[in-house]
Amino acid sequence: MSPKKWRWMILISKSINSFITLGMFKGMGVFIPYFVDHFQTSVASVGLALGLFGSLCSLIAPVASAMTCYGPRKLVMIGGAVTAIGIIGAATSSSILHLAMWLSLSSIGESLVLLPSFKPLMDYFPESFATVNGLSLAVGTFGMMLFPPFSEWLIEKCGWRGALCVLGAVNFNLCATGALFRPLADKQRTAVSQMGYQQVRDQELTNECAENNHSSGLVGGCWQHFRTIFSVLKAKFDTTLFVDEPWFTLFLVGFFFSGAVYAGWHLFLVPHAITLGYGSQLSSFLSTFGGIGSFVGRLSNGFLIDNNLIRPVNLFIVASFICGMTCLADPLAVSSFVALSVLAAITGLVVGFIYPLTFVIVNTIAEGREMAAIGWLYVFLGAGHMFGGYFTGWMKDLTQDYGVVFMSYGMMSLVVVVLMMGPKLNRLCCHSDS
C-alpha cells in the first residue's frame, strides 16, 4: 500500500492510542474512593499515586523522545506491553506504595506509547498536523466518556482488583496499534521532514562510532561508543531550545499550570459530584458531558488553525480564560446537577482546545526541532499533572470542600492567560517606550 493510502492507517492507530490512554487517565478517577477506603489512606496520597500514573510518562518524555530514532513501531509495542503489565500489577497491590509503584511502571510504558506515536503523524501529515492531531485526540474523548462508566460497571461486577485486570488486558491493544506504525523510507520523506536535521547528525555520529571501534581496540571502542550514544542523546534533548527561543520557557511554565488544571479537573470531577450526593452512577456521567465538549474542541481546533482563522496562541489564551471562569463558577452550580453538567461540557470544550494546542504552539515555536520540544513540553505538562493530583487531594483534606479546589483551578487558568500574553505585553511595552 502506498504511503498516501497507508497514512490513514497511521491516523487510525494514533486515534486508538488516544482512545485507550486518555480513557484510562479519566477512568482512574472512578477508583479514588475505593482506593481511599481499601488502603485507609488520605485523598492526597491517592491523588499523588494517580498523579504519578498520569505524569511520570511526561517527566521522562525527553528520554522517550530521544529514543524515537530506534523506531516508533518497536517503542510503541514495547510500551503497550509495559503499560498493560503495570495496570494488571496494580490489581495485586497490598498498600498505597505498591499501587504507586505499579502505576509508575505503567506510566513509563505509556511514555513509550505517547511520544514516539507523534513521529509517524508528523511524517505522514506534514501539511496538516494540527488537524490530524486534533482529530486523533478527539477520538480520545470517546475513551474519556466511556471508560469512567465502564470502570464503574467493572468495579460493581468484579471489584476494583478485577476491574484493573480487565483494563490492563484492554491496554495490550496498544501493542497492535504500534505494529501499524510503518516507517517511511528515506526516499519517501518530503523536503519538510520534521526530523531531517537530526537524522543527518545521527548518521555522522554513527559513522564516527564505527571508525573509533576500528581504530581504538575493544576498550577504546566501547568508550567511544558510549561517548557517541551520549552525544546523540544530548543532541536530541536539545537544551539550547531554552536559549534560542526565549518565550519557549515562559510558555512551558504556562503549560505546567494548564497540566495541573487538566489533571485535577479530569481526576476529581466525578468524586466532586459524588461528595455532593449525586451517586456514583449519575456522577460518572459528568465525564460524558465533559467528553462531548472536549470532543468538539479537539475536533475543531485543528480546522481553525490550519485555515488561518485564528492564531494558536490567541485561541489558547481565550480557551484558558473561559476555563478559569467556569472553574470559578463551580460553587454556584453545586445545588443543580444540570448546572454541573453544563459547566462540565463548557470546561470540556475549552480543555479540548487547550491540550492539542500545546503541541501546535510548540511545533510552531521550535520548527525543525519538534520532537525535542515536545519532549520538554511533556516534562512540564507531567510535572503539572503530578502537582494537580497532589494539590487537589491536599486542598480537599484541608478544606473538605471541592468547591475551593475548583476555584483554585480557575485562578491557575487565569495565571496561564497572563503568562501566554507575555509576548504581546512585551511588544506593547516596547512600542510604548518607542
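These numbers come from a predicted model, not from an experiment. (Residues numbered from 1 in each chain as written. Predicted model: local features only at pLDDT ≥ 70, side-chain atom pairs only at ≥ 80, totals over all residues. Heavy atoms only, no water.)

**Some words on the overall build of the chain**
Line of reasoning, step 1. Along the backbone of the chain there are 18 helices and zero strands.
Line of reasoning, step 2. With an accessible surface of roughly 17700 Å², the chain has 70% of that area assigned to carbon and sulfur atoms. (Helix = DSSP H or I, 4+ residues; strand = E, 2+ residues; numbered from the N terminus. Areas by Shrake-Rupley, 256 points an atom, 1.4 Å probe, with all protein chains shown as cover.)

**Some points on the nonpolar core**
Line of reasoning, step 1. Met 28, Phe 31, Phe 35, Leu 164, Phe 255 and Tyr 378 are the most contacted members of the largest nonpolar core, which totals 111 residues.
Line of reasoning, step 2. For this core, the element with the highest residue contribution is helix α15 (residues 337-365), accounting for 15 residues.
Line of reasoning, step 3. Those residues in contact with Tyr 378 that lie beyond four places of it in its chain are Ser 58, Leu 59, Ala 61, Leu 114, Leu 115, Phe 118, Tyr 355 and Phe 359. (Core = buried A, V, L, I, M, F, W, Y, C linked by side-chain atoms within 4.5 Å. Buried < 20%, exposed > 50% of the residue type's maximum accessible area, 1.4 Å probe, protein only. Contact = heavy atoms within 4.5 Å.)

**Some words on the packing of helix α13 (residues 280-306) against α15**
Line of reasoning, step 1. Direction vectors running N to C along α13 and α15 enclose 35°, while the axes themselves pass 6 Å from each other. Crossing of α13 over α15 shows right-handed handedness. (Axes fitted to C-alpha atoms, helices over the stretch in contact; angles between N-to-C directions. Left-handed = near helix turned anticlockwise from the far one by under 90°.)

**Points about the confidence of the model for the chain**
Line of reasoning, step 1. Residues at a pLDDT of 70 or more form 85% of the chain, whose mean pLDDT is 80.
Line of reasoning, step 2. Averaged pLDDT values for the elements of the chain fall to 52 in helix α10 (residues 196-237) and rise to 93 in helix α14 (residues 312-328).
Line of reasoning, step 3. The model gives residues 189-206 a pLDDT under 50, and that stretch makes 28 contacts with residues more than four places away or in other chains. (pLDDT = per-residue confidence, 0-100.)

**A short note on a nonpolar patch on the surface**
Line of reasoning, step 1. There is a patch of nonpolar side chains on the surface, built from Val 318, Phe 321, Ile 322, Met 325, Val 338, Val 342 and Ile 346 and spanning about 570 Å² of accessible area.
Line of reasoning, step 2. For the nonpolar patch, the secondary structure elements donating two or more residues are α14 and α15.
Line of reasoning, step 3. The biggest single contributor to the nonpolar patch is α14, with four residues.
Line of reasoning, step 4. Here Ile 322 is to be found in helix α14. (Patch = residues over 30% accessible without salt bridge, like charges linked within 9 Å, V, L, I, M, F, W, Y side chains within 5 Å. Salt bridge = Lys/Arg side-chain N within 4 Å of Asp/Glu carboxyl O.)

**Some details on the packing of helix α8 (residues 129-171) against α15**
Line of reasoning, step 1. Packing of α8 against α15 brings their axes to within 10 Å, and their N-to-C directions diverge by 155°. Overall, the two elements α8 and α15 adopt an arrangement that is roughly antiparallel. Remark: the crossing between α8 and α15 carries right-handed chirality. Contact residues: α8 offers Phe 129, Ala 130, Asn 133 and Leu 137, while α15 offers Tyr 355, Pro 356, Phe 359, Val 360 and Asn 363.
Line of reasoning, step 2. Classifying every residue of the contact of α8 with α15 gives seven nonpolar, two polar and no charged. (Parallel < 35°, antiparallel > 145°, perpendicular 65-115°, else oblique. Nonpolar A, V, L, I, M, F, W, Y, C, P; charged D, E, K, R; others polar.)

**A short note on α13**
Counting along an α-helix, one turn takes 3.6 residues, and residues three or four places apart therefore face a common direction.
Line of reasoning, step 1. If you check α13, its first and last C-alpha atoms are 40 Å apart, about what 27 residues at 1.5 Å a residue would give, namely 39 Å.
Line of reasoning, step 2. The largest bend along α13 measures about 25° and falls at Ser 300.
Line of reasoning, step 3. Asn 308, located one to two residues past α13, shows a positive phi value of around 55°. (Expected span 1.5 Å × (residues − 1). Bend = angle between axes of the 7 residues up to and from the residue.)

**Digging into the pattern of salt bridges**
Line of reasoning, step 1. Across all of its chains, the model carries one salt bridge by this definition.
Line of reasoning, step 2. For Lys 119, the salt bridge identified is with Asp 123, shortest N-O distance 2.7 Å. With a gap of four residues between them, Lys 119 and Asp 123 both fall in helix α7 (residues 118-124), about one helical turn apart.
Line of reasoning, step 3. Using a relative accessible area of 8% as the deciding quantity, one classes Lys 119 as buried.
Line of reasoning, step 4. For Asp 123, a relative accessible area of 12% translates into the label buried.

**Here we look at the packing of aromatic side chains**
Line of reasoning, step 1. Taken as a whole and assessed by the stated rule, the structure comprises 19 aromatic pairs.
Line of reasoning, step 2. Consider the rings of Phe 256 and Phe 257, whose centres lie 5.2 Å apart with planes at 80°: the pair is edge-to-face.
Line of reasoning, step 3. A network of ring pairs unites the aromatic residues Phe 256, Phe 257, Phe 387, Phe 391 and Trp 394 as a single cluster.
Line of reasoning, step 4. Taking NZ or CZ as reference, Lys 14 lies 4.5 Å from the ring centre of Phe 118, over its face.
Line of reasoning, step 5. Note that Arg 182 overlies the ring of Trp 6, its terminal NZ or CZ placed 4.4 Å from the centroid. (Phe/Tyr/Trp six-rings, centres within 6.5 Å; stacked < 30°, edge-to-face > 60°. Lys NZ or Arg CZ within 6 Å of the ring centre and 35° of its normal.)

**Thoughts on helix α12 (residues 246-275)**
Line of reasoning, step 1. Taking 1.5 Å as the rise per residue, α12 with 30 residues should run 44 Å; its terminal C-alpha atoms sit 44 Å apart, in good agreement.
Line of reasoning, step 2. Taking the largest bend as the criterion, α12 deviates by roughly 45°, centred on Phe 268, and proline Pro 271 comes between one and four positions later.
Line of reasoning, step 3. Buried residues dominate α12, accounting for 22 of its 30 residues.
Line of reasoning, step 4. Just beyond α12, the residue with positive phi is Gly 277, at close to 95°.

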